[in-house]
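One-letter residues, chain by chain:
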Amino acid sequence: MSGVNWTCPHCERHVTITDDRFSANEHRLWIPNADGPRSLASYYFVCPNPECNKFTLTAALHVKNLQAGNQDLGEKLQSWNLVPSAAIKSFPTYIPVAILSDYREACLIRDLSPKASATLSRRCLQGILRDFWSVKPGRLVNEIDQIRDRIDPLTWSAIDSLRKLGNIGAHMEKDIDTIVDVDPQEAELLIGLVETLLREWYIAREERKIRMSALIQAAENKS
């Protein structure tokens, strides 16, 4: 492998992976069994960012095709993210613990149980609305309506599009703890919305505070 573009799940940097930062191995099952020959492939990536330098580990189970030769892994049956165990973004600790806890758990169980993941994302979204915007508590759909005139149109369009989408739209009308079937893509979209709001609201506010404080301090130093 040489010159492959890659995004590190730990530091979220866009980097280039070369041969010295990648390692792969294959474990083959030749023992006669009810399912037939299998191949388990494992892959290590090490982030070239010196401030990170962390590794990721993934694995995939394949149907081993005996006629295709040793280099052919065969059809992929299943894959796993082992380290880190899920695509969880790193967020600052000034965001409320309860919100970050629900977000992380929603990511961890996204593939295992999309409907449980979506329930946690809804609860996370409600926590954000109540903490950041101090909305009047109620149904999630009503709490979302309360911020319509307080946020930029593009962000509102993203939120509004999701709440009109299939099962997501249906279960936003219900209590946030009601578990309703959603598909994995819908669960992923909800997680993406939560990540976007955490960045555009909490992080943007903190960065603005830092910039303004620096300007105030610079002005005071000049006086």
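Scroll up to find the structure.
Residues numbered from 1 in each chain as written. Predicted model: local features only at pLDDT ≥ 70, side-chain atom pairs only at ≥ 80, totals over all residues. Heavy atoms only, no water.

1. Digging into the overall build of the protein chain
So, point 1. Helix and strand content of the protein chain: six helices and six strands.
So, point 2. In the protein chain, the order of α-helices and β-strands from amino to carboxyl end is β-β-β-β-β-β-α-α-α-α-α-α.
So, point 3. For 223 residues, the compact-globule estimate of 2.2 N^0.38 gives 17 Å, and the C-alpha radius of gyration of the protein chain, at 22 Å, exceeds that figure by more than 25%.
So, point 4. Principal-axis analysis of the C-alpha atoms places the extent of the protein chain at approximately 75 × 50 × 25 Å.
So, point 5. Taken over 223 residues, the protein chain has a buried fraction of 34%. (Helix = DSSP H or I, 4+ residues; strand = E, 2+ residues; numbered from the N terminus. Rg over C-alpha atoms; globule rule 2.2 N^0.38 Å. Buried < 20%, exposed > 50% of the residue type's maximum accessible area, 1.4 Å probe, protein only.)

2. A closer look at the sheet that holds strand β6 (residues 76-83)
So, point 1. Reading across the sheet, the four strands line up as β3-β4-β5-β6 and stay open at both edges, with antiparallel pairing between neighbours. Looking along the sheet, the strands with just one partner apiece sit at the ends: β3 (22-29) and β6. Direction aside, the axes of adjacent strands within the sheet are offset by 15 degrees on average.
So, point 2. Pairing of strand β4 (residues 38-46) with strand β5 (residues 55-63) involves nine bridges; the strand directions are antiparallel. Looking across to β5, one finds that Ser42 is bridged to Ala59. (Pairing = 2+ DSSP bridges. Axes fitted to C-alpha atoms, helices over the stretch in contact; angles between N-to-C directions.)

3. Regarding the state of the cysteines
Put plainly, a disulfide is one covalent bond tying together the sulfur atoms of two cysteines.
So, point 1. With the rule as written, the count across this model stands at zero disulfides.
So, point 2. In this structure Cys107 is not part of a disulfide, and its nearest cysteine sulfur, from Cys124, lies 8.9 Å away.
So, point 3. Given a relative accessible area of 1%, Cys124 falls into the buried group. (Disulfide = S-S within 2.5 Å.)

4. Re the pairing of β4
Regular strands place their side chains on alternate faces of the sheet.
So, point 1. Judged from the eight bridges that link them, β3 and β4 form a sheet pairing that is antiparallel. Note on β4: the bridge partner recorded for Asn25 is Ser42.

5. Brief notes about the packing of aromatic side chains
So, point 1. A complete count under the given rule lists nine aromatic pairs for this structure.
So, point 2. Judged by centre distance (5.3 Å) and plane angle (15 degrees), the rings of Trp6 and Phe45 are stacked. In this pair, Trp6 is assigned in strand β1 (residues 4-7) and Phe45 in strand β4, connecting sequence segments 39 residues apart. When sorted by exposure, Trp6 lands in the same class as Phe45, which is buried. (Phe/Tyr/Trp six-rings, centres within 6.5 Å; stacked < 30°, edge-to-face > 60°.)

6. Observations regarding helix α2 (residues 114-132)
So, point 1. With 19 residues, α2 should reach 27 Å at 1.5 Å per residue; the first-to-last C-alpha distance of 26 Å fits that figure.
So, point 2. Looking one or two residues past α2, Ser134 carries a phi angle of roughly 55 degrees, positive in sign. (Expected span 1.5 Å × (residues − 1).)

7. Comments concerning the side chain of Glu143
So, point 1. Within the secondary structure, Glu143 sits in helix α3 (residues 140-145).
So, point 2. Glu143 sits in the buried class, given a relative accessible area of 0%.
So, point 3. Side chain to side chain, Glu143 and Arg130 meet in a polar contact 2.7 Å long.
So, point 4. Sequence-distant contacts of Glu143, defined by excluding residues within four places in its chain, comprise Gln126, Leu129, Arg130, Val135, Lys136, Pro137 and Gly138. (Polar contact = N/O pair within 3.5 Å; in protein donor to acceptor, adjacent residues only side chain to side chain. Contact = heavy atoms within 4.5 Å.)

8. Notes on a nonpolar patch on the surface
So, point 1. Nonpolar side chains collect at one region of the surface, where Leu40, Trp80 and Leu82 lie side by side and expose about 250 Å² of accessible area between them.
So, point 2. With respect to the helices and strands, the residue Leu40 is situated in strand β4.
So, point 3. With a relative accessible area of 37%, Leu40 lands in the partly exposed category. (Patch = residues over 30% accessible without salt bridge, like charges linked within 9 Å, V, L, I, M, F, W, Y side chains within 5 Å. Areas by Shrake-Rupley, 256 points an atom, 1.4 Å probe, with all protein chains shown as cover. Salt bridge = Lys/Arg side-chain N within 4 Å of Asp/Glu carboxyl O.)

9. Digging into the nonpolar core
So, point 1. Ile128, Leu129, Trp133, Ile147, Ile159, Leu198 and Trp201 are the most contacted members of the largest nonpolar core, which totals 31 residues.
So, point 2. Put simply, the parts of the chain that give this core at least two residues each are α1 (97-108), α2, α3, α4 (153-163) and α6 (184-222).
So, point 3. Considering every element that reaches this core, the biggest residue donor is α6, with eight residues.
So, point 4. Among all residues touching Leu129, those that are not within four sequence positions of it are Ser134, Val135, Leu140, Glu143, Ile144, Ile147 and Trp201. (Core = buried A, V, L, I, M, F, W, Y, C linked by side-chain atoms within 4.5 Å.)

Worth remembering: the numbers are spatial, not functional.
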